[in-house]
Every structure is written in C-alpha cells, then in structure tokens.
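# Chain and residue survey
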Amino acid sequence: MELRQLRYFVAVCSAGSVAGAAKALHIAQPALSRQMMALEDEFGAQLLVRLPRGVALTRAGEALLAQAKLMLAGSESLRAQVALAANGKAGSLRIGVMPGYSWLPGLGQAIAALSRASPHTDVLVESGLSAWQLDAIKRHELDAGVVAWRSPLDSEVEGMKIYEDRMVLAMPAAAARGMGRIRSLEDLAGQKFILFPRAGSPSHYDALLRILKDAGIPLARPGAAATDLPTILGLVSAGLGCAIIPDSFRKHGPAGVVFKEIGGIDLSFDLELVWRADQRDPLLASFVRMFPPPGKTY
C-alpha cells in the first residue's frame, strides 16, 4: 500500500465515482480502477460497491476512508515539518554559555529574534566552561557555545566575536581600604591572587601569570583556586585574595568586593560564539545571523 493509493481512494470517495476522480486527478479511468482493485487485494476486502452510476462504500471502505484521511493529514504535516526543519524554521538548538554570562544582551536578543522569526524552534542553554563547551561541540553534544578562550590553531571549530570585555582588579573591600590608592599591579606585590586551573584555558592562564610575574607578584602560594568566575569572585569576597576579573562582572559582583581599573593589566576578555567548522545546520545559521555586532544592542 502506498500513500498515492490512499489519495486515489479518498478522491474516488469524494467524487462518488471512478470516472469523476480520474478526471479530477488527470489520470486514465482504467488505471485508477486498477489501483482501486490493487488496494482491495492489499486489504483482502471489498472497499467499493460498483453501481450503475458511481460507487458506494462498504463497511470496510468506510473504515479505510476514516483512517486514510488521518494518514494523509499526518503525511502532509510531516512534510511541512521536514520542510521547516530543512529551512532552519523548526527544531531545537543546544547552546553552551560561560558561567555568569547568561545575561549577555546579544544572546538574549538572538534567542528572542529566532523565536519571532521561527516560532517552531526552541533554544536550550547550558552553563559550562570554555574547554568543556569546545569538547561538547566537537562531540555533537552542543550545537554552539559562548566561550572565552580557544586556540587559533584549532581547525575543528570556527566562530565570531559577540562581546568585548576588559580585565580589571577585584579585591576584598577590607584590603582595599587598608592599602589606599592603587595605581598598578606593582602596588599589590604583597597580596595573594586567586587563580583557576590551567587546564581551563592554558593560554589565558599563562598570560595571567606573565603579567603577575612582571609586576613582581610571586604565585608560589596562591590565595585559592576556582574553576569559574562567579566562584572566584565569591572567594575574593571572602577575603582570600585578589583576582583579575572581566569588567562586566562589576555589575554582578557580590558584596565585599572592590573593582579597580589599574595599570599593568594588558589582557582582553572577548567572548565568541563558536560552532563546528563542518556545521551545515540551517537552524544554527539562522541563529548566528540574529546576533548583533559586538558592542551593539537593540
């Protein structure tokens, strides 16, 4: 049995005759009659009673007509859904984001714009560090991710910058009051600094150690370590040490933390939306186009 045969059967029922259906379908009447007989052979039951003028449905034919209409409607719905997905208008996206950065205006605007343009889509956002996101993207567990650091030599992924940030000093408020004016990192030679595991971002970790070493700050005994920026800020608030933090966290920092713009911090913190280089997903392509340029929100 084919969907084509069901369409023919419904057409015969609607026209009330094989001749009328053949005319509406633009096929020869004998060919349509053969299709109806083949359908009856398929089910092993008489579906139509041939009358002098037209046809009538048997009980079996009535049962088939009801189910045939449902199946044909379902096939049309399936066809429409597949067409929407093929054009990037339906489906689910799995997007990663750095901890503490779900507030990014560009991210929220892109999700909202995608929802308006393609109501049959949805976006699942998962929090994770850059290294985890990159691995998940390569394993096809994420479609894309908002990451802070990736190697320029990694040919498996590509991306675009979506947010520009700069680095500032975060230090315990009590320590800041006791030190007075701080102009550069060299003024913090006696302070402990909170770091993160090097595996999280080797390039950023090495750059951070370089500027601290140039400022004469030894790190043989760091104040503490944490894997993500919100936790690092929590440790600063607890008085365990200072940290070099993206300036955007100034708006979301906990009580007891003072942020200072000082000399000697020549690090940038730019966020990228990253995806697999071999990605050809039309839904992801639509999502990428929804992002405003860095520094612009609407």
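Scroll up to find the structure this text is about.
A few points on the structure. (Residues numbered from 1 in each chain as written. Predicted model: local features only at pLDDT ≥ 70, side-chain atom pairs only at ≥ 80, totals over all residues. Heavy atoms only, no water.)

Here the focus is the layout of surface pockets. A volume near 230 Å³ is recorded for the largest pocket. Around the largest pocket, the lining is made up of 22 residues, and of these W149, F196, T227, L229 and I232 lie nearest the centre. Among the elements that make up the lining of the largest pocket, the one with the highest residue count is strand β10 (residues 243-246) (three residues). Mapped onto the domain boundaries, the lining of the largest pocket takes at least three residues apiece from domain 2 (90-163 + 270-290) and domain 3 (165-268). Here the second largest pocket defines a volume of roughly 150 Å³. Lining the second largest pocket are S130, A131, L134, W149, R150, S151, P152, A199, G200, S201, P202 and S203. Put simply, the parts of the chain that give the lining of the second largest pocket at least two residues each are α6 (130-138) and α8 (202-214). Ranked by residues supplied to the lining of the second largest pocket, first place goes to α6 with three residues. Looking at side-chain class alone, the lining of the second largest pocket contains six nonpolar, five polar and one charged residues. Each of domain 2 (90-163 + 270-290) and domain 3 (165-268) gives at least three residues to the lining of the second largest pocket. (1 Å grid on protein atoms, 1.4 Å probe; cavity = no way out; pocket = protein on both sides within 12 Å on 5 of 7 lines; lining within 4 Å. Points joined across faces, edges and corners; volume = space filled by probe spheres on them. Helix = DSSP H or I, 4+ residues; strand = E, 2+ residues; numbered from the N terminus. Domains from an automatic or database assignment. Nonpolar A, V, L, I, M, F, W, Y, C, P; charged D, E, K, R; others polar.)

The buried fraction of strand β7 (residues 167-172) amounts to six of the six residues, a majority that puts the element mostly inside the structure. When β7 meets β10, the two strands line up antiparallel, connected through four bridges. Across the sheet, the residue bridging to V168 is I245, located in β10. Bridge analysis of β7 against strand β11 (residues 257-260) gives four bridges, and the strand direction is antiparallel. Paired with L169 across the bridge in β11 is K260. (Buried < 20%, exposed > 50% of the residue type's maximum accessible area, 1.4 Å probe, protein only. Pairing = 2+ DSSP bridges.)

By the definition in use, this model includes seven aromatic pairs. On the basis of an interplanar angle of 25° and a centroid distance of 5.8 Å, the ring pair of Y101 and F269 is categorised as stacked. Of this pair, Y101 sits in the loop between β3 (90-97) and α5 (105-117) while F269 sits in the loop between β11 and β12 (271-276), and the two are 168 residues apart along the sequence. The two residues Y101 and F269 agree in class, both being buried. With a centroid separation of 5.2 Å and 85° between ring planes, the pair formed by F287 and F291 is classed as edge-to-face. Classification of F287 by relative accessible area gives buried; the value is 0%. Taken together, the ring pairs in this structure connect Y101, W103, Y163, F249 and F269 into an aromatic cluster. (Phe/Tyr/Trp six-rings, centres within 6.5 Å; stacked < 30°, edge-to-face > 60°.)

Membership of the largest hydrophobic core comes to 61 residues, with the highest contact counts inside it found for Y101, L185, L271 and F287. Split by domain, this core shows at least three residues from each of two domains, domain 2 (90-163 + 270-290) and domain 3 (165-268). Judged by nonpolar contacts, the second largest core, of 19 residues, contains Y8, L39, L64 and L65. (Core = buried A, V, L, I, M, F, W, Y, C linked by side-chain atoms within 4.5 Å.)

Here the focus is the sheet that holds β7. Backbone hydrogen bonds hold the strands of a sheet together, and the pairing may be parallel or antiparallel. A sheet is described by the order of its strands in space; here three strands give the open sequence β10-β7-β11, paired in antiparallel fashion. One side of each edge strand has no neighbouring strand; the edge strands of this open sheet are β10 and β11. On average, each strand axis in the sheet is tilted by 40° relative to the strand beside it, whichever way the strands run. (Axes fitted to C-alpha atoms, helices over the stretch in contact; angles between N-to-C directions.)

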